[in-house]
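Summary of structural features
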Amino acid sequence: MISKDRFNWLPLIIVASAQVLLVFNIATLKISIEGIVTAFDAGSSMVKTAIIMYSLMVAASILGSTRLAIIIGARRMFRASIALFGVAMATMAWSPNATMVLLAQMIAGAAAAVLTPASVQLIATHYAGEQRALALGRLSATRSLSLAPAFLIAGAIATWHDWRITFILLLLLAGGVYFGSLYLRQRPGLLPNTTITSKEIVGLGAVALAMLLIGLGSDNLINWGVVRATAGAPFSPLNLSPALLGMLFGVVLIKLVLVWMAKRHIGGCLGVMQLLNTPGQRSMLWSIFTIAAVSSGVTFLIPLYIEIVQGRSSLVTAYALVPFTVASFIGALSVSRFGSPQSVRNITRHAFLAVGTGLLLLGAIVRNDWSDASVVLSLAAIGLGEGTLATLLFKNLASVAPTEISEDVEPLCSATSHLAAAVGAAIAGALVIGVLSLNVNQHLARDPAIGTELRAHLDLNRVAFISNDRLQQVLEQSLLTPEHIANAVQINTDARLFALKLSFFALAGLTFVGFLPVARSR
């Protein structure tokens, strides 16, 4: 351990730099939607799926990777995860098609799942006492503080050059962190009770499978059907959607794991899941899930709106998201000193209301000539509430968890948040595309002439969320008249706006659903 009189910044800088890599990766994906879909001639759903695959890989792997980092060694796992992340960034930078982008994000998610717990354990190795608490606090602050610069830098690069350059820079930074990690020390010897039993492996596999089923089901609600299976579904038992069945089976599988754990008295890295058996703690995890899903939906829809609807640059998108990210950091920082149960409950209720109100305001003011001043207010309210809730809910859950599982609360919350991020992006994307398709077809039903012409050239059962410029380019290659093209572009404009408004209102509804357990608590 280092001396108590002198704080050694180098280990913290190395470990914190790795966290910056993770933030920049996902921020670049969200901020470069238009550039990525244009490069691969794909729809915006491709970027949504990439975000979902990253989040699902983290959620499915992080519980087991926490114990794995202890057994194999935090330094070894840290270096291996950085190398794996570098491979993912290289794949992103030189990806020839959308499939490789999805593969790259799956690799990045697997790396992030190991990198996060290894980073925390390395901090524990290099710092003790008050310095350890200080280092962990600064590590956590790094993640929040780097989000706004990540959006701005990635947005500037995507606007002025090419989105691939950001991933090349991340590859170079990953190489620097990898060689810098040679300075870090390996914790000598294994800690007690650090083995993983075969029963734990089975349980971890079942939980990972459940999360993947829930996430993939959410992502394919449009492709496979919400309730009834569509023609594109891979199978359709009793004519039901495989997406719905996958989500239901995932939830049931988690419940079966909990029952199995209780009967076999299984603990270890799965012991923290016993928190799901207590109503109060289950409500807190549900609230964490809800707010993370809403946050993911918002940060997916805002870039989609600015870059696709308004046709503006990635840098403008980054500026628009700064109020959200800055307010989120302020919210987290300002509530860190509150500890009494009554004050926590009151602040949590008000934070939920702030998020819901901000979403309602956002849905009401969104229009095709979006006013930046009004969006700043709504996004700031959402961000302030989100940052407050993320901090308070985690602190509250950690404070009531039994001592023997207290160290696993953070991985459980991280798994919950990443699963929620995948589900939130999936539902937001499915909702906006589904409402768009329905609205376009309703518009065309009122004008049979243009509807007949468009159906001859476009698949109106799968309407893409694309910009007016791209739609016009596609239609100009057909035999449609200029009048029909102009009408089609106007229908697309109106339908997209309606879909986005309804999506923001739906996220507000989800927020108030998450608010109910908090409102009933005493």
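To be clear, the structure that these remarks concern was listed above.
First, a word on what this report is: a plain description of the structure on this page. Starting from 1, residues in each chain are numbered consecutively following that chain's sequence as written. Note on the predicted model: pLDDT of at least 70 is required for a residue's local features to be given, and 80 or more for side-chain atom pairs to be given and counted; whole-chain, interface and lining totals, by contrast, use all residues. For side-chain calculations, the full set of non-hydrogen atoms in the structure is used, while hydrogens and water are omitted.

With respect to the overall build of the protein
Helix and strand counts for the protein stand at 19 helices and zero strands. Across the 522 residues that make up the protein, the buried fraction comes to 54%. Counted over contacts in the protein with a minimum sequence separation of 6, partners at least 24 positions apart contribute 80%. Accessible surface, the protein as shown: approximately 22100 Å² in total, 65% of it carbon and sulfur. Secondary structure follows DSSP: runs of H or I at least 4 residues long count as helices, runs of E at least 2 residues long count as strands, and numbering of each begins at the N terminus. The classification of residues rests on relative accessible area computed with a 1.4 Å probe and restricted to protein chains. Under 20% of the type maximum is buried, over 50% is exposed, and intermediate values are partly exposed. Any two residues having at least one pair of non-hydrogen atoms within 4.5 Å are treated as being in contact. Reported accessibility uses the Shrake-Rupley method at a 1.4 Å probe radius. Residues are deemed covered only where the shown protein chains occlude them.

Overview of helix H12 (residues 279-309)
A helix is expected to span 1.5 Å multiplied by its residue count minus one. The terminal C-alpha atoms of H12, which comprises 31 residues, lie 43 Å apart, in line with the 45 Å expected from a rise of 1.5 Å per residue. Taken across its 31 residues, H12 has 26 buried, putting it largely inside the fold. Following H12 by one or two positions, Gly311 adopts a phi angle in the positive range, close to 70°.

Here's the deal with the pattern of salt bridges
By convention in these notes, a salt bridge is any Lys or Arg side-chain nitrogen within 4 Å of a carboxyl oxygen on Asp or Glu. Tallied over the full model, the rule gives one salt bridge. For the salt bridge of Lys48 with Asp219, the shortest nitrogen-to-oxygen distance reads 3.2 Å. Placement of the pair is Lys48 in helix H3 (residues 45-72) and Asp219 in helix H9 (residues 198-219), with a sequence separation of 171 residues. Residue classification places Asp219 among the buried positions, given a relative accessible area of 9%.

A word on the nonpolar core
As used here, the term nonpolar core means buried Ala, Val, Leu, Ile, Met, Phe, Trp, Tyr and Cys residues forming a set that is joined through side-chain atoms within 4.5 Å. Counting residues in hydrophobic clusters, the biggest one holds 139 residues, and the most contacted among them are Phe78, Leu301 and Leu359. In contact with Leu359, not counting residues within four places along its chain, are Val294, Val298, Ile382, Phe504, Leu507, Ala508 and Thr511.

Section: the packing of aromatic side chains
Pairs were defined over the aromatic rings of Phe, Tyr and Trp, the Trp ring being its six-membered one, requiring ring centres within 6.5 Å. Orientation was assigned from the angle between planes: stacked under 30 degrees, edge-to-face over 60, tilted for the rest. Applying the stated criterion across every chain, the model contains four aromatic pairs. The interplanar angle of 85° and the centroid separation of 6.0 Å between the aromatic rings of Trp163 and Phe167 together place this pair among those described as edge-to-face. Here Trp163 pairs with Phe167, and both are found in helix H8 (residues 163-180), just four residues apart, close to one helical turn. Comparing Trp163 with Phe167, the two get one shared label, buried. One aromatic cluster in this structure is built from Phe40, Trp163 and Phe167. Over the aromatic face of Tyr178 sits the side chain of Arg79, whose NZ or CZ is 4.1 Å from the ring centroid. For a lysine, the NZ atom is tested; for an arginine, the CZ atom; a charge sits over a ring if that atom is within 6 Å of the ring centre and within 35 degrees of the ring normal.

What about the environment of Gly358?
Turning to its location among the elements, Gly358 is positioned in helix H14 (residues 341-365). Note on Gly358: relative accessible area 2%, which makes it buried. Placed 21 residues apart in sequence, Gly358 and Leu379 show a C-alpha to C-alpha distance of 6.5 Å. Sequence-distant contacts of Gly358, that is, excluding residues within four places in its chain, are made with Ser378, Ala381 and Ile382.

Observations regarding the environment of Trp224
Tracing the chain through its elements places Trp224 in helix H10 (residues 221-224). Among the residues examined, Trp224 registers a relative accessible area of 23% and is labelled partly exposed. Separated by 16 residues in the primary sequence, Trp224 and Leu240 have C-alpha atoms spaced 9.3 Å apart. Every residue in contact with Trp224, bar those within four places of it in the chain, is listed here: Ala229, Thr230, Gly232, Ala233, Pro234, Ser241, Pro242 and Ala243.

Observations regarding H3
Compared with the 40 Å implied by 1.5 Å per residue over 28 residues, the 38 Å span of H3 between its first and last C-alpha is a close match. We define the bend at any residue as the angle between the axes fitted to the seven residues before and including it, ending there, and the seven starting there. Along H3, the helix axis deviates most sharply at Ile62, where the bend reaches about 50°. Of all 28 residues in H3, 23 are buried; the element is thus mostly enclosed. With its phi angle positive at about 120°, Gly73 sits one or two positions after the end of H3.

Concerning the packing of H9 against helix H11 (residues 242-264)
As a rule, the C-alpha atoms of each element are fitted with a line to give its axis, helices using only the stretch in contact, and angles between N-to-C directions run from 0 to 180 degrees. In contact at an axis separation of 7 Å, H9 and H11 are set at 160° when each is read in the N-to-C sense. When the axis of H9 is compared with that of H11, the two are roughly antiparallel. Of the two possible hands of crossing, H9 and H11 adopt the one that is left-handed. Counted together, Lys199, Val202, Gly203, Ala206, Val207, Leu209, Ala210, Leu213, Ile214, Gly217 and Ser218 of H9 and Ala243, Gly246, Met247, Phe249, Gly250, Val251, Leu253, Ile254, Val257, Trp260 and Arg264 of H11 form the full contact between these two elements. Nonpolar residues are Ala, Val, Leu, Ile, Met, Phe, Trp, Tyr, Cys and Pro. Charged residues are Asp, Glu, Lys and Arg, and all others, Gly as well, are polar. A breakdown of the residues in the contact of H9 with H11 according to their chemical character gives 15 nonpolar, five polar and two charged. Angular relationships are summarised with four words: roughly parallel below 35 degrees, roughly antiparallel beyond 145, roughly perpendicular across 65 to 115, and oblique for the angles in between. When the near helix sits turned anticlockwise from the far one by under a right angle, the crossing is termed left-handed; a clockwise turn instead gives a right-handed crossing.

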